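Chain residues, written in single-letter form:
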Amino acid sequence: MVKHIVCFKLQDNSKESCEKAAEIFKSMVGNVPQIRSLEVGIDFLHSQRSYDIILQTTFDDEKALEEYQNDPYHCNVVKKYIHSVRESSVAVDYYI
């Protein structure tokens with residue numbers, strides 16, 4: 001199995017903006033078949049080094065992760081929205 005974690009800083013990190021991004025991420029459940037599990041978290045500490053929101057997903061293998069990266073729903077709905085509101089992001093992918 002593979003875990004894919006992405007942390008995002010949003011241009012507007014208000015509660016409403018973070019909640020909207022979280023809902024967009026959660027909408028992948030049932031729409032992106034490669035995802036085995038999905039978890040979204042919104043930062044509450046708001047420290048200088050904090051990111052605003054985290055997306056954690058698991059996949060069967062690297063091939064499924066690659067398919068996810070090119071999935072139409074992920075690309076046309078989720079990425080399109082998130083790229084329009086993010087300031088920056090960091091990611092890590094690893095085997096579990």
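Everything below is about the structure printed above this text.
Model, not experiment: these values are computed from the prediction. (Residues numbered from 1 in each chain as written. Predicted model: local features only at pLDDT ≥ 70, side-chain atom pairs only at ≥ 80, totals over all residues. Heavy atoms only, no water.)

## Examining the overall build of the chain
Link 1 in the chain: The helix and strand tally for the chain stands at three helices and four strands.
Link 2 in the chain: In sequence order, the secondary structure elements of the chain are arranged as β-α-β-β-α-α-β.
Link 3 in the chain: Since a compact globule built from 96 residues should have a radius of gyration of about 12 Å, the 13 Å found for the chain is in line with a globular shape.
Link 4 in the chain: Structurally, the chain occupies a C-alpha span of about 35 × 25 × 20 Å along its principal axes.
Link 5 in the chain: For the chain, the residues scored as buried account for 39% of the 96 residues in total.
Link 6 in the chain: Sequence separation of 24 or more characterises 73% of the internal contacts of the chain that already satisfy a separation of 6 or more.
Link 7 in the chain: A total of about 5900 Å² of accessible surface is found on the chain, and carbon and sulfur atoms cover 51% of it.
Link 8 in the chain: Across the chain, 11 positive and 15 negative side-chain charges occur, with their mean positions spaced 2 Å apart. (Helix = DSSP H or I, 4+ residues; strand = E, 2+ residues; numbered from the N terminus. Rg over C-alpha atoms; globule rule 2.2 N^0.38 Å. Buried < 20%, exposed > 50% of the residue type's maximum accessible area, 1.4 Å probe, protein only. Contact = heavy atoms within 4.5 Å. Areas by Shrake-Rupley, 256 points an atom, 1.4 Å probe, with all protein chains shown as cover. Lys, Arg positive; Asp, Glu negative; His and termini not counted. Charge placed at Lys NZ, Arg CZ, Asp CG, Glu CD.)

## Quick look at the packing of aromatic side chains
Link 1 in the chain: Within the structure shown, the criterion is met by two aromatic pairs.
Link 2 in the chain: Each ring, one from F59 and one from Y68, has its centre 4.8 Å from the other, and the planes form 45 degrees; the classification is tilted. (Phe/Tyr/Trp six-rings, centres within 6.5 Å; stacked < 30°, edge-to-face > 60°.)

## Re the pattern of salt bridges
Link 1 in the chain: A full pass over the atoms with the stated rule returns four salt bridges.
Link 2 in the chain: Its salt-bridge partner being E23, residue K26 comes within 3.9 Å of it at the nearest N-O pair. Of this pair, K26 and E23 are both found in helix α1 (residues 15–26), three residues apart, which corresponds to roughly one turn of the helix.
Link 3 in the chain: Given a relative accessible area of 42%, K26 falls into the partly exposed group.
Link 4 in the chain: The closest approach of N and O atoms between K63 and E67, which form a salt bridge, is 3.2 Å. In this pair, K63 and E67 are both assigned in helix α2 (residues 62–69), four residues apart and thus about one turn of the helix distant. (Salt bridge = Lys/Arg side-chain N within 4 Å of Asp/Glu carboxyl O.)

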